[in-house]
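Examination of the molecular architecture
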Amino acid sequence: MSHLILSSMNRGKKLFGVVISPTARPGSERTNQVFVLENTGLTHVFYVLKEAFTLVPDAIERVEGANEFDIIADIKNQVRKREKALDVGDWISWFYSGTDEITDFRREQKLHEVRCGNPNYQFLLDCVKSPTEACLYNKTFGYVDISPEENRKLLPDIAFTAWVEIYLGQKDNLVVKFHSYVTSNHTMQINVLDTKLMGFFFFQPWAEHHRVDQRGFTEEDEEEYLIEKSVADKGRENNVYGVFGYYVSERSLYVEETPEKFFLLPYVDDSLLVPGVKYRFNAYWNEKMNVFIVAQHGLEMMEDMDVLHTEHSAAEHRDNILMLEGVNQRLDYKSLFFTTKSSYGTMDDPTGALMTHHLSRYAESKCRVYFYEDRNASFGRFRIEKVEVDKAKKIETNVRDAVPPPPLPRYRLK
């Protein structure tokens, strides 16, 4: 029994959809389910009927001037193509008849790699994460569910490729869930600009200036897109290749030659990088975030280079990588310190770990401290968390011995 679909679609409109279910068992009138995502954001599930695989005489494509033998061979070939079962991930087009059933269709080019997971099918899709909510978006299925843990690992507004799992839930509602991250996709980043474009560029529905309407793609839209594409193209001129940087926080690598520039990982993989180790990598300039995005698929560990001494931070609210390095106190600002061996720049001491350092006999010598990266720091890029244990004890003891105890109160004998 067919059902009328209430939407903005007009009868006779050409639709494109992706097959989301394997072919049903023989005897079923409905063979496959097809998913459609409209430009308005509405989604629908259609059903391919068994009769759609039968080639009717009116649908036969005839070649002008062919001989009888070629005509028969061509018709047989068309019949074989029409009778071939649809697979999950196939794309088809048809003309909307006003119901959710498809009685005739045309096969289109396949757009995605598909694999059979355990137990559901998975699509390899280009996605982007919302900056405010725990969800992804892609142009094939729309919104994609993601767990809080995986959501934390991803940078927002960065185009990336991922395996996305699909299956049919209750009442044939399509469930679309993030399965696994593959790689960042800087070539698709143009589609993550703040635009109001529809159709092919409908990639970021939460963008501040994005507005969905029915007026179609106008000349103004094209002009806006070309302007933003020009900005993105200029940004690509700043892409860097084969740079060296230390893995210094959960999200970033530190390049000593350009300490003011941030190189961020689009996806945090705890098993991918070793804290304190230097890597060679490529990075792509992101105009929207004003940072470099690291291409993780090309990361190369430099085993023959210096390794920073690191440990895990006890503070739960920050990235858990601490680096150990010697610092000296600045003469002009006693609360600020700097490293002489490496170019970590000026760092402050928010916890007061070196508050008494200038009172000890070690005031003018180097003090080894653990520090961490804080992209929101007021001074420089790094902040001190604590002093190396042995040095901290020496400072404490030296200050205590250097400062005489207060005099005892005097009492007058009566």
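Described below are features of the structure shown in this document. Worth saying up front: this structure is predicted, and the values here are computed from it rather than measured.

**Overview of the overall build of the chain**
Tallying secondary structure elements over the chain gives 4 helices and 24 strands in all. Sorting the 414 residues of the chain into buried and exposed places 45% on the buried side. Of the contacts made within the chain by residues no fewer than 6 positions apart, 59% connect residues no fewer than 24 positions apart. Accessible surface, the chain: about 23900 Å² in total, of which carbon and sulfur atoms supply 51%.

**Observations regarding the pattern of salt bridges**
Taken as a whole and assessed by the stated rule, the structure comprises 14 salt bridges. Here D90 and K110 are joined by a salt bridge, their closest N and O atoms 3.9 Å apart. Here D90 is found in the loop between helix 1 (68-83) and strand 4 (91-95), whereas its partner K110 is found in the loop between strand 6 (106-108) and strand 7 (114-116), with 20 residues between them in sequence. Put simply, E373 and R375 hold a salt bridge, and the shortest N to O gap is 3.8 Å. The class of E373 is buried, set by a relative accessible area of 7%. On the basis of relative accessibility, which here comes to 39%, the residue R375 falls in the partly exposed class. Each of R30, D100 and E101 takes part in one network of salt bridges that share partners.

**Some words on the pairing of strand 10 (residues 142-145)**
Residues in a regular strand project their side chains so that they alternate between the two faces of the sheet. Relative to strand 10, strand 9 (residues 135-138) runs antiparallel, the two being bridged by 4 bridges. Across the sheet, the residue bridging to N138 is G142, located in strand 10.

**Some remarks on the packing of aromatic side chains**
Working definition: an aromatic ring pair is given by the centre-to-centre distance plus the angle between the planes. If you walk through the whole model with that rule in mind, you get 17 aromatic pairs. Here F263 and F292 contribute two aromatic rings whose centre-to-centre distance is 4.8 Å and whose plane-to-plane angle is 10°, an arrangement assigned as stacked. Pair noted here: F263 is in strand 15 (residues 263-264) and F292 is in strand 17 (residues 291-294), with a separation of 29 residues, a long-range link. Considered together, F263 and F292 belong to a single accessibility category, that of buried residues.

**Here's the deal with the environment of F141**
Position of F141 relative to the elements: it lies in the loop between strand 9 and strand 10. For F141 and T43, which are 98 residues apart along the polypeptide, the C-alpha to C-alpha distance reads 8.1 Å. When sequence neighbours within four positions are dropped, the list of residues in contact with F141 reads V18, I20, F35, L37, F123, L125, I166, L174 and V176.

Rules behind the numbers
- Residues numbered from 1 in each chain as written.
- Predicted model: local features only at pLDDT ≥ 70, side-chain atom pairs only at ≥ 80, totals over all residues.
- Heavy atoms only, no water.
- Helix = DSSP H or I, 4+ residues; strand = E, 2+ residues; numbered from the N terminus.
- Buried < 20%, exposed > 50% of the residue type's maximum accessible area, 1.4 Å probe, protein only.
- Contact = heavy atoms within 4.5 Å.
- Areas by Shrake-Rupley, 256 points an atom, 1.4 Å probe, with all protein chains shown as cover.
- Salt bridge = Lys/Arg side-chain N within 4 Å of Asp/Glu carboxyl O.
- Pairing = 2+ DSSP bridges.
- Phe/Tyr/Trp six-rings, centres within 6.5 Å; stacked < 30°, edge-to-face > 60°.

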